[in-house]
Amino acid sequence: MKENNLSIKTIVAIGIGAAVFVILGRFASIPTGIPNSNIETTYAFLALMSIIFGPVAGGLIGLIGHALKDLIFYGSIWWSWVVVSLLVGFLIGLASKSIDIESGEFGTKKIITFNIVQVIVQAIGWFLVAPSLDILIYAEPANKVFLQGLVVGISNMVTVAVIGTLLLLLYAKTRSQKGSLDKE
């Protein structure tokens, strides 16, 4: 599914993916008690789409979906976090070739690879990039934004590890495995 140029299928996936990101962000998130910090299912879905459609689609789904969510539900876009959603989608998408979910195989080695990648990517995004941009762009207090980044980062790592891995396992089962008699 991943091609060098944006196919119609990928463009449609970006549009639908961004819309689902908005819906999940609004209706499938749980407040943590830390201001503006939720346990999100959006990143499990973003990881799925990034692995299926690659880094460009993943980055654009994160960018467009998060920007629209902020604009619709909060009235303005919090760009520091939108940038992290773009990075998370793009960087997880870079692992799509090595994971090769279209092969129909998503065993232990690929699950471990996926989770190592997503944990590293989200640690960089939520522990470093988001708080730093919050301070630089919005002059937010460092102790507040690093706490938010820590809570959001850990919760996203866990939701992607659990829900994202399950989504990818289910998706892989819909693909024909190598050597299968099924023809696509």
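Preceding this paragraph is the structure being described.
Let me begin by describing the structure that accompanies this report.

Here is what the cut-offs are and how they apply
- Residues numbered from 1 in each chain as written.
- Predicted model: local features only at pLDDT ≥ 70, side-chain atom pairs only at ≥ 80, totals over all residues.
- Heavy atoms only, no water.
- Helix = DSSP H or I, 4+ residues; strand = E, 2+ residues; numbered from the N terminus.
- Expected span 1.5 Å × (residues − 1).
- Buried < 20%, exposed > 50% of the residue type's maximum accessible area, 1.4 Å probe, protein only.
- Contact = heavy atoms within 4.5 Å.
- Salt bridge = Lys/Arg side-chain N within 4 Å of Asp/Glu carboxyl O.

Looking now at helix α2 (residues 42-53). Taking 1.5 Å of rise per residue, 12 residues should cover 16 Å, and α2 covers 16 Å from first to last C-alpha, within 8% of that figure. Across the 12 residues of α2, 12 count as buried, placing the element largely inside the fold. By the burial criterion, the buried members of α2 are Thr42, Tyr43, Ala44, Phe45, Leu46, Ala47, Leu48, Met49, Ser50, Ile51, Ile52 and Phe53. One or two steps after α2, the chain reaches Gly54, where phi turns positive at roughly 95 degrees.

What follows deals with the environment of Ile99. The topology assignment puts Ile99 in helix α5 (residues 96-99). Ignoring sequence-local partners within four residues, the contact set of Ile99 consists of Ile51, Glu105, Phe106, Lys110, Thr113 and Phe114.

All chains considered together, the criterion is met by 3 salt bridges. One salt bridge connects Glu40 with Lys69, and the closest N-O pair in it is separated by 3.5 Å. Of this pair, Glu40 sits in strand β2 (residues 38-40) while Lys69 is found in helix α3 (residues 55-74), placing the two residues 29 residues apart along the sequence. When its relative accessible area of 6% is taken as the criterion, Glu40 is described as buried. Among the salt bridges present, the one from Glu102 reaches Arg175, with a minimum N-O distance of 3.2 Å. Taken together, the residues span a long stretch of sequence, with Glu102 in the loop between α5 and α6 (108-138) and Arg175 in the segment after α7 (142-173) at a distance of 73 residues.

Taken by themselves, the reported measurements are silent on function.
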